[in-house]
Amino acid sequence: LSRESRIYEMVDSIQGMPQYEFIRKLGYFVATGFIQTGPIEIGAWWSAYTQNVIEGNRYRLDIRTSNEFSTRISPGVFAAYGTSDRRWKSGFNSRFIIRKSPRTEVLVEIKRDLELFGMAGLLDPGEIFTSALSTNSLNQLSEVVRGEVSVIHEFGKGLTGFLEWRHRRVSPLGTMQFINAEGPIEQFITTELTGQLRFAFQERFVSGEFDRISLGTEWPILTTTITQALPNILDSKHQYTRCTLEGEDVVRLGFFGRLEWLAEAGLYLGKAPFPLLEVV
């Protein structure tokens, strides 16, 4: 007990040193992009300044709450401005942790910003990594006004449910145009309801107050998703159904390393305009 007591004293003394606090905050800044100042975090460094052909020089500021504010609710806002298009973009989001284990979480988001056409969030034009690329895809930007509410709920034993309501208004920018048989279209408007079931038997996590990292499972992970477009809701004009089934796994091969595989199959029912499909 005396030895353990001395160890606790040593750890406490190290954590109280200014040098340790500086290194801790520096590591947090590099990893998350945010500077923590009490209950508020300001960032992120990788999106503070970027460039693209529509906005020119783009400046963005994100503000969100830290764990000192709450360990159950985490609201955040952002504002961005482009020197070429001279337009403001902004957004608000908030996470509500209702239960941590098994997990139940609610996410609310409203935003207006630019997105890379067809990338479905895989590459964000407002990040420095994308800005550094020299590809023609960076010219294919669209303005998206989006609102969504989603719920994640764990039923236990590796089964997770996800339900999302999402409304989007997608407008072309620059030289890109949306055209049908009747001529150019100013924007596509769609309202969707998505349901998803994910089964990962004996999956384990390392969890903080909000975020968590999966340690994986020895079994394949299966995910099935159904999205239904809802016409005549908030001016939505499309009706289609999107179904997907995914499987993934990591097979350990001992001395030879490991094999990771991912398989996905999908089907569209009804009619959906090209910009709302899975664009390759």
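Everything that follows concerns the structure shown earlier in this document.
The text that follows walks through the structure, step by step, so that each part is easy to find. Here the structure is a predicted model, which means the values were calculated and not measured.

Points about the overall build of the chain
Here comes step 1: On a plain count of helices and strands, the chain comes out with 3 helices and 17 strands.
Here comes step 2: Within the span of the chain, comprising 280 residues, buried residues form 32% of the whole.
Here comes step 3: Total accessible area on the chain stands at roughly 17700 Å², and carbon and sulfur atoms take up 61% of it.

Structural notes on the packing of aromatic side chains
Here comes step 1: Tallied over the entire structure, the rule returns 8 aromatic pairs.
Here comes step 2: The interplanar angle of 45° and the centroid separation of 5.0 Å between the aromatic rings of Tyr81 and Trp88 together place this pair among those described as tilted.
Here comes step 3: Since its relative accessible area comes to 26%, Tyr81 is described here as partly exposed.
Here comes step 4: Residue class for Trp88 comes out exposed when judged on its relative accessible area of 55%.
Here comes step 5: Positioned above the aromatic ring of Phe205 is the side chain of Arg212, whose terminal nitrogen or guanidinium carbon lies 3.9 Å from the ring centre.

Some thoughts on the nonpolar core
Here comes step 1: Membership of the largest hydrophobic core is limited to 8 residues, which are Val144, Val170, Met176, Phe178, Phe188, Ala229, Tyr240 and Leu276.
Here comes step 2: If sequence neighbours within four positions are ignored, Ala229 has contacts with Thr190, Thr191, Glu192, His238, Gln239 and Tyr240.
Here comes step 3: In this structure, Ile54, Leu114, Leu116 and Leu173 belong to the second largest nonpolar core, which totals 5 residues.

So, a nonpolar patch on the surface
Here comes step 1: There is a patch of nonpolar side chains on the surface, built from Val149, Val151, Leu163, Trp165, Leu193, Ile233 and Leu234 and spanning about 540 Å² of accessible area.
Here comes step 2: Elements with a contribution of two residues or more to the nonpolar patch: strand 8 (141-156) and strand 9 (159-172).
Here comes step 3: Position of Val151 relative to the elements: it lies in strand 8.

Details of the pairing of strand 12 (residues 188-199)
Here comes step 1: By the bridge criterion, 12 bridges tie strand 9 to strand 12 in an arrangement that is antiparallel. Among the inter-strand pairings, His167 is bridged to a residue of strand 12, identified as Thr191.
Here comes step 2: Bridging between strand 12 and strand 15 (residues 221-229) involves 8 bridges; their strand directions are antiparallel. If you follow Gly195 over to strand 15, its bridge partner there is Ile226.

Cut-off values and rules
Residues numbered from 1 in each chain as written. Predicted model: local features only at pLDDT ≥ 70, side-chain atom pairs only at ≥ 80, totals over all residues. Heavy atoms only, no water. Helix = DSSP H or I, 4+ residues; strand = E, 2+ residues; numbered from the N terminus. Buried < 20%, exposed > 50% of the residue type's maximum accessible area, 1.4 Å probe, protein only. Areas by Shrake-Rupley, 256 points an atom, 1.4 Å probe, with all protein chains shown as cover. Phe/Tyr/Trp six-rings, centres within 6.5 Å; stacked < 30°, edge-to-face > 60°. Lys NZ or Arg CZ within 6 Å of the ring centre and 35° of its normal. Core = buried A, V, L, I, M, F, W, Y, C linked by side-chain atoms within 4.5 Å. Contact = heavy atoms within 4.5 Å. Patch = residues over 30% accessible without salt bridge, like charges linked within 9 Å, V, L, I, M, F, W, Y side chains within 5 Å. Salt bridge = Lys/Arg side-chain N within 4 Å of Asp/Glu carboxyl O. Pairing = 2+ DSSP bridges.

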